[in-house]
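Chain and residue survey
Spelled out, the chains give:
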Amino acid sequence: LYYDGCALIAVNGKIVGQGSQFSLKDVEVVTATVDLEDVRSYRAAVMSRSLQAAATDVRYKRIEVPTELARMQERFDPSVTPSIPRDVFYHSPEEEIALGPACWLWDYIRRCNGTGYFLPLSGGIDSCATSMIVYSMCNLVVKEAKEGNEQVLKDIRKLTRNEDDWVPTKPQDISSKIFHTCFMGTENSSKQTRGRSRELSEKIGSYHVDLNMDSLVSSVVSLFEVATGKKPIFKIFGGSQIENLALQNIQARLRMVLAYLFAQLLPWVRGIKNSGGLLVLGSA
C-alpha cells in the first residue's frame, strides 16, 4: 500500500504547513508555529460548539499547574510569530500519474529486493506510458541520491549490485541496470511501432531486446492444423471474425509466455551476479 496524500498543518481551516505528496523519504517532518489562543477563540465563536458544550453532562475539572510549555523569554519573544497561511499545493493530473505509481514501483522493488522490471514495449501509447512511469521512478531516485538520502542510496546500490560509493548522476544510470524492455514483433507489426520502441528505449536507457516471433506463431497455427485438419487465417485474407480473433489471441498469449521467460533469464544473460528474476509489468 502506498499512501499518496501528504501531511498538513491547518489552523482554523487555513493551511500553515504542507509536506510533499510524493516522496521517497521514509520520514518527513513538517513544522509550523501556531497560536493556540487563536484556535480557542475561533472555536468559542462557533455557535454549534457552544451549544454542544453547554448541553453536555460531562464536567471537566480544571487544574492549574505551575508549568510553562515555553521558557519565559520565548513566550514573550516578539520575533516568534505564527506561521503565515499559505495556498495548498496541488499536482497536476499528469504529475500525479507520473509520480504516484513511480513511488509505488520504487517501494515495491526495494521491499522485495528485486533485480528490476521487465516490460514488453510494443511502441503503442499504453506500454510507452508505462515505461515513462518507470523512468519517472529513476528520476526520483537520482534526485534523492543527489540530496544525500542515505537510505535511497543504500537501496539502489543493493538493487543494482554496485559498490558502496556508487552514486547515480542521471536516470539512465539506473534504468540501464534495472529496467528491461522488449519489442516482440510479427509480420503484422509496423515499422513505426518498432522504431518508437527502439527510440524510446534508447532515450530512457533501458536494456532493450528486439525480436520477431513469426516462427512461434506459425508453429502454433501448424500444430492446430495438424490436430484438426483446418488452418485459421486472418480476416483480411478471407478468414472469419472468430478466426481473426483466435490468431490475435495467439500472439498476445505467446507474448505473455515470452515476457516471463525473458524476465526470468535476462539477468542471467547479462551476467548479473546473485540475481533473481525481473518483475513483469503490464500496461492494461
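Quick look at the structure, then.

Thresholds, definitions, all that
- Residues numbered from 1 in each chain as written.
- Predicted model: local features only at pLDDT ≥ 70, side-chain atom pairs only at ≥ 80, totals over all residues.
- Heavy atoms only, no water.
- Helix = DSSP H or I, 4+ residues; strand = E, 2+ residues; numbered from the N terminus.
- Rg over C-alpha atoms; globule rule 2.2 N^0.38 Å.
- Buried < 20%, exposed > 50% of the residue type's maximum accessible area, 1.4 Å probe, protein only.
- Contact = heavy atoms within 4.5 Å.
- Areas by Shrake-Rupley, 256 points an atom, 1.4 Å probe, with all protein chains shown as cover.
- Lys, Arg positive; Asp, Glu negative; His and termini not counted.
- Charge placed at Lys NZ, Arg CZ, Asp CG, Glu CD.
- Axes fitted to C-alpha atoms, helices over the stretch in contact; angles between N-to-C directions.
- Parallel < 35°, antiparallel > 145°, perpendicular 65-115°, else oblique.
- Left-handed = near helix turned anticlockwise from the far one by under 90°.
- Core = buried A, V, L, I, M, F, W, Y, C linked by side-chain atoms within 4.5 Å.
- Pairing = 2+ DSSP bridges.
- Patch = residues over 30% accessible without salt bridge, like charges linked within 9 Å, V, L, I, M, F, W, Y side chains within 5 Å.
- Salt bridge = Lys/Arg side-chain N within 4 Å of Asp/Glu carboxyl O.
- Polar contact = N/O pair within 3.5 Å; in protein donor to acceptor, adjacent residues only side chain to side chain.

A word on the overall build of the protein chain. Scanning the protein chain for helices and strands turns up ten helices and six strands. Taking 2.2 N^0.38 as the reference for a compact globule, 284 residues should give roughly 19 Å; the C-alpha atoms of the protein chain span a radius of gyration of 29 Å, well beyond that estimate. For the protein chain, the C-alpha atoms occupy an extent of roughly 95 × 50 × 30 Å along the three principal directions. Expressed as a percentage of its 284 residues, the buried residues of the protein chain come to 34%. Counting only contacts in the protein chain whose residues sit at least 6 apart along the sequence, the fraction spanning at least 24 positions is 66%. Summing over all exposed atoms, the protein chain offers an accessible surface of approximately 18,800 Å²; the carbon and sulfur share of this is 56%. Computed over 33 positive and 32 negative side-chain charges, the separation of the two mean positions in the protein chain equals 4 Å.

Once that is clear, we can look at unusual backbone geometry. Backbone geometry follows two general trends: most residues other than glycine have a negative phi, and most peptide bonds adopt the trans configuration. Positioned with a positive phi, Asn12 is a non-glycine residue whose angle comes to about 55°. Relative to the helices and strands, Asn12 is located in the loop between strand E1 (8-11) and strand E2 (14-18). The class of Asn12 is partly exposed, set by a relative accessible area of 26%.

Running from N to C, helix H5 (residues 125-146) and helix H7 (residues 171-178) point in directions that differ by 125°, and their axes come no closer than 8 Å. Taken together, the axes of H5 and H7 lie oblique to each other. When the axes of H5 and H7 are compared, the crossing they make is right-handed. Contact with H5, carried on its side by Tyr135, Met137, Cys138, Asn139, Val141 and Val142, involves Pro171, Gln172, Ile174, Ser175 and Ile178 of H7 and no other residues of that element.

Moving on, we get to the nonpolar core. Leu24, Leu105, Trp106, Tyr117, Met137, Val141 and Ile174 are the most contacted members of the largest nonpolar core, which totals 30 residues. At nine residues, the largest contribution of residues to this core is made by H5. If we skip the residues at most four places from it in the chain, Tyr117 touches Leu105, Tyr108, Ile109, Met137, Ile178, Phe179, His180, Leu278, Leu279 and Leu281. Of all hydrophobic cores here, the second largest spans 18 residues; its members include Phe118, Cys182, Val221 and Ala259.

Next up on the list: the sheet that holds strand E3 (residues 117-120). Ordered in space as E5-E4-E3-E6, the four strands form an open sheet in which the pairing is parallel. Either end of the sheet is taken by a strand with one partner, and the two such strands are strand E5 (207-212) and strand E6 (279-280). Pairing between strand E4 (residues 179-185) and E5: six bridges, direction parallel. Looking at the pairing, Cys182 lines up with Val209 of E5.

Bringing a nonpolar patch on the surface into the picture now. Nonpolar side chains collect at one region of the surface, where Leu261, Leu265, Trp268 and Val269 lie side by side and expose about 440 Å² of accessible area between them. By secondary structure assignment, the location of Leu261 is in helix H10 (residues 241-269).

In this section: the pattern of salt bridges. Throughout the structure, instances matching the rule amount to eleven salt bridges. Asp107 serves as the salt-bridge partner of Arg111, at 3.0 Å between the closest nitrogen and oxygen. Of the two residues, Arg111 and Asp107 both sit in helix H4 (residues 93-111), four residues apart, roughly one turn of that helix. Relative accessible area serves as the criterion here: at 64%, Arg111 is assigned to the exposed category. Classification of Asp107 by relative accessible area gives buried; the value is 14%. With a closest N to O distance of 3.2 Å, Asp155 and Arg110 form a salt bridge.

A few words now on the side chain of Thr115. Tracing the chain through its elements places Thr115 in the loop between H4 and E3. In terms of polar contacts, Thr115 uses its side chain to reach the backbone amide nitrogen of Gly276, at 3.0 Å.

Turning to helix H6 (residues 150-160), its buried residues number three or more, namely Val152, Leu153, Asp155, Ile156, Arg157, Leu159 and Thr160. Those residues of H6 hidden inside the fold are in contact with H4, H5 and H7. The backbone nitrogen of Gln151 has a side-chain oxygen 3.2 Å away, supplied by the residue at the start of H6, namely Asn149. Where H6 ends, the next residue or the one after it, Arg161, has phi of about 55°, a positive value.

Right, let's get into a negative patch on the surface. A cluster of acidic side chains, namely Asp4, Glu94, Glu95 and Glu96, defines a negative patch on the protein surface. On the secondary structure map, Asp4 appears in the segment before E1.

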